[in-house]
Amino acid sequence: MLLDAGFELACNDTGRKLDREEQKALIADAFAVIAGTESYDDDMLAAAPNLKLVVRFGVGTDSFDLEAMKRRGIAVGVISNNNCVAEFAVALILGIMKNLHLFDNAVRQGQWSRFTMRELKAKTVGIVGFGRIGRRLAQLLQSFDVELVAYDPYMNEEEAKRLNVKPVGLDELLACSDVVSLHIPATSETRHLINHETIAKMKDGAYLVNTSRGVLIDEAALKEALEAGKLAGAALDVFEREPVTKDLALNSLDNILLAPHVAALSVETNYNAGITCAESVIRVFNGGTPLYPV
């Protein structure tokens with residue numbers, strides 16, 4: 001798509017993350033950048049005076065200096081991975097409530113261990129963050145006969161009503177939810193949103209699921225809550241420090257299900273992400289906006 005539109009492509013084909021000077025050299029003449037997880041701070045942006053668009057091959061913008069981009073007149077776009085991440089959130093919810101990781105491990109070791117499970121039916125699911133992913137999760141959960149509540153400081157009341165979701169404050173959501181699923185960005189305000197204090201407000205025996213950003217959770221506080229039985233279980237796709245190592249403190253727990261930040265890595269989402277990024281570049285070049293603007 002980009003070649004047909006007349007663009008020249010400069011790609012990082014090293015198989016590794018570029019250092020800052022290499023990155024600056026790569027983007028020096030760029031009209032647009034299709035970004036991964038590398039940083040785009042004001043210093044990096046200054047190396048690309050002709051830059052008009054940064055489109056993220058993903059949805060997180062925590063590595064972007066959005067104020068600097070705005071000041072420099074650089075448009076910002078993301079992709080749409082809402083279905084893929086929402087489906088994975090459902091998988092994590094069911095996986096931890098059904099103890100699938102324990103069953104799998106037992107069978108692999110030749111054991112006929114049979115653990116108790118919980119049903120999702122008639123439970124209350126609290127969705128923290130009611131953007132595209134949170135709304136898709138609410139849609140997918142309709143068939144499980146659950147009560148849905150959601151917290152978002154910028155709540156879309158119309159969508160909440162359409163999806164039969166009750167808007168509530170964060171404290172009320174934590175207190176009433178059997179499952180809490182996080183779908184908010186990482187900012188200075190949301191760092192360690194789940195901590196000793198907020199966990200204490202959660203329903204005893206609740207489950208916590210995170211497919212957003214690892215820094216939303218104080219992992220030390222989570223470990224204590226899981227060990228003490230305050231929380232029945234947790235399922236995490238993201239962590240405070242990534243990639244994780246063997247000495248991850250949470251590894252010692254049986255009531256936690258872990259994945260290596262893969263919620264958005266479906267074949268379908270990756271294909272569509274490429275199309276979205278290319279289309280966003282072409283749209284901005286023609287005087288429009290990214291397909292999914294920030």
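Our structure is the block above this text.
Starting from 1, residues in each chain are numbered consecutively following that chain's sequence as written. The model is predicted, so local features are restricted to residues of pLDDT at least 70 and side-chain atom pairs to those at 80 or more, both for listing and for counting; the totals for chains, interfaces and linings are taken over all residues. In computing side-chain values, all of the structure's heavy atoms are included and hydrogens and water are not.

Could you clarify how one ought to interpret the overall build of the protein in this entry?
When its secondary structure is counted, the protein shows 11 helices and 10 strands. For a compact globule of 294 residues, the expected C-alpha radius of gyration is about 19 Å, and the protein comes in at 21 Å, within 12% of that figure. For the protein, the C-alpha atoms occupy an extent of roughly 60 × 45 × 35 Å along the three principal directions. Only protein chains enter the area calculation, which uses a 1.4 Å probe; residues under 20% of their type maximum are buried, those over 50% are exposed, and those in between are partly exposed. Taken across its 294 residues, the protein has 46% of its residues classed as buried. Put simply, of all contacts in the protein between residues at least 6 apart along the chain, 57% involve residues at least 24 apart. As displayed, the protein offers around 15500 Å² of accessible surface, 51% of which is attributable to carbon and sulfur atoms. This count recognises Lys and Arg as positive and Asp and Glu as negative, with His and chain-terminal groups excluded. Charge placement uses NZ in Lys and CZ in Arg. For Asp and Glu, CG and CD serve respectively. One finds the centroid of the 30 positive side-chain charges in the protein at a distance of 4 Å from the centroid of its 40 negative side-chain charges. Strands here are runs of E lasting at least two residues and helices are runs of H or I lasting at least four, both read from the DSSP assignment and numbered beginning at the N terminus. The globule rule used for comparison is 2.2 Å times the number of residues to the exponent 0.38, while the radius of gyration itself is calculated over C-alpha atoms. Only heavy atoms enter the contact rule, under which two residues are in contact if any of them lie within 4.5 Å. Under the convention used here, a 1.4 Å probe and the Shrake-Rupley method define accessible areas, while residue burial counts only the protein chains that appear.

Is there a simple way to explain the sheet that holds strand E9 (residues 231-236) in this structure?
Pairing between sheet strands relies on hydrogen bonds along the backbone, with the strands arranged either parallel or antiparallel. At least two bridges found by DSSP between two strands is the condition for calling them paired. The parallel open sheet is built from seven strands, whose spatial order is E6-E5-E4-E7-E8-E9-E10. With one partner strand each, in any of the chains shown, strand E6 (166-167) and strand E10 (256-258) form the two edges of the open sheet. Of the pairings in the sheet, the one linking strand E7 (residues 179-182) to strand E8 (residues 206-210) comprises four bridges and is parallel in character. Looking at the pairing, Val-179 lines up with Tyr-207 of E8. Only the contacting stretch of a helix is used when fitting its axis, a line to C-alpha atoms as for every element, and angles between N-to-C directions run 0 to 180 degrees. Against the sheet, helix H10 (residues 219-228) engages E8, E9 and E10, with an angle of about 140° to E9.

Explain helix H6 (residues 132-140) here, please?
One full turn of an α-helix is made of 3.6 residues, so residues set three or four places apart face in the same direction. Turning to H6, its buried residues are Ile-133, Gly-134, Leu-137 and Ala-138. Along the axis of H6, the buried residues cluster in a sector spanning 140°; they form a single face. Here the buried face of H6 lies against helix H4 (82-97), strand E4 (124-128), strand E5 (147-151) and E7. The arc in question is formed by the directions pointing from the helix axis toward the C-beta atoms.

Sorry, what's going on with the sheet that holds strand E3 (residues 75-77) here?
A sheet is described by the order of its strands in space; here three strands give the open sequence E1-E2-E3, paired in parallel fashion. With one partner strand each, in any of the chains shown, strand E1 (32-35) and E3 form the two edges of the open sheet. Between one strand axis and the next, the sheet turns through 15° on average, direction left out of account. Sitting on the sheet, helix H11 (residues 267-285) is in contact with E1 and strand E2 (53-56), with an inclination near 165° to E2.

Can you walk me through the environment of Ile-27 in this structure?
Along the chain, Ile-27 falls in helix H1 (residues 20-27). With 17 residues separating them along the chain, Ile-27 and Met-44 place their C-alpha atoms 9.0 Å apart. In contact with Ile-27, other than residues within four places in its own chain, are Val-33, Tyr-40, Met-44 and Ala-48.

Can you walk me through the pattern of salt bridges in this structure?
Side chains that differ in charge, positive against negative, can pair when their charged atoms come close. Any Lys or Arg side-chain nitrogen found within 4 Å of a carboxyl oxygen on Asp or Glu counts as a salt bridge. With the rule as written, the count across this model stands at 18 salt bridges. In this structure, Glu-172 engages Lys-166 in a salt bridge whose closest nitrogen and oxygen atoms are separated by 3.5 Å. Glu-172 gets classed as partly exposed once you look at its relative accessible area, which sits at 40%. Looking at Lys-166, the relative accessible area reads 48%, which means it is partly exposed. Across the pair Glu-227 and Lys-223 runs a salt bridge whose closest N-O atoms are separated by 2.6 Å. Within this pair, Glu-227 and its partner Lys-223 are both found in helix H10, separated by four residues, close to a single helical turn. Residue Glu-227 is classed as partly exposed on the basis of its relative accessible area, which comes to 48%.

Before we go on, may I ask you to explain unusual backbone geometry in this structure?
For residues besides glycine, phi is generally negative; the peptide bonds are generally trans as well. In the segment running from Glu-242 into Pro-243, the intervening peptide bond is cis, with an omega of -5°. Of note, Pro-243 is situated in the loop between E9 and E10. Positive phi values are uncommon outside glycine, yet Ala-122 reaches one of about 70°. Structurally, Ala-122 can be placed in the loop between helix H5 (100-108) and E4. We classify Ala-122 as exposed; its relative accessible area is 60%.

I'm lost on the packing of aromatic side chains in this one. Help?
For Phe, Tyr and Trp, rings pair up if their centres lie within 6.5 Å, where Trp contributes its six-membered ring, and each pair is then called stacked (planes under 30 degrees apart), edge-to-face (over 60) or tilted (otherwise). Under the defined criterion, the tally for this structure stands at five aromatic pairs. On the basis of an interplanar angle of 35° and a centroid distance of 6.2 Å, the ring pair of Phe-7 and Phe-31 is categorised as tilted. Linking Phe-7 in the segment before H1 with Phe-31 in the loop between H1 and E1, this pair joins segments that are 24 residues apart in sequence. Under the relative-accessibility criterion, Phe-31 is labelled partly exposed at 23%. With centroids separated by 5.4 Å and ring planes inclined at 75°, the aromatic side chains of Phe-7 and Phe-285 adopt a geometry described as edge-to-face. Of this pair, Phe-7 sits in the segment before H1 while Phe-285 is found in helix H11, placing the two residues 278 residues apart along the sequence. Grouped by ring-pair contacts, the aromatic residues Phe-7, Phe-31 and Phe-285 constitute a single cluster.

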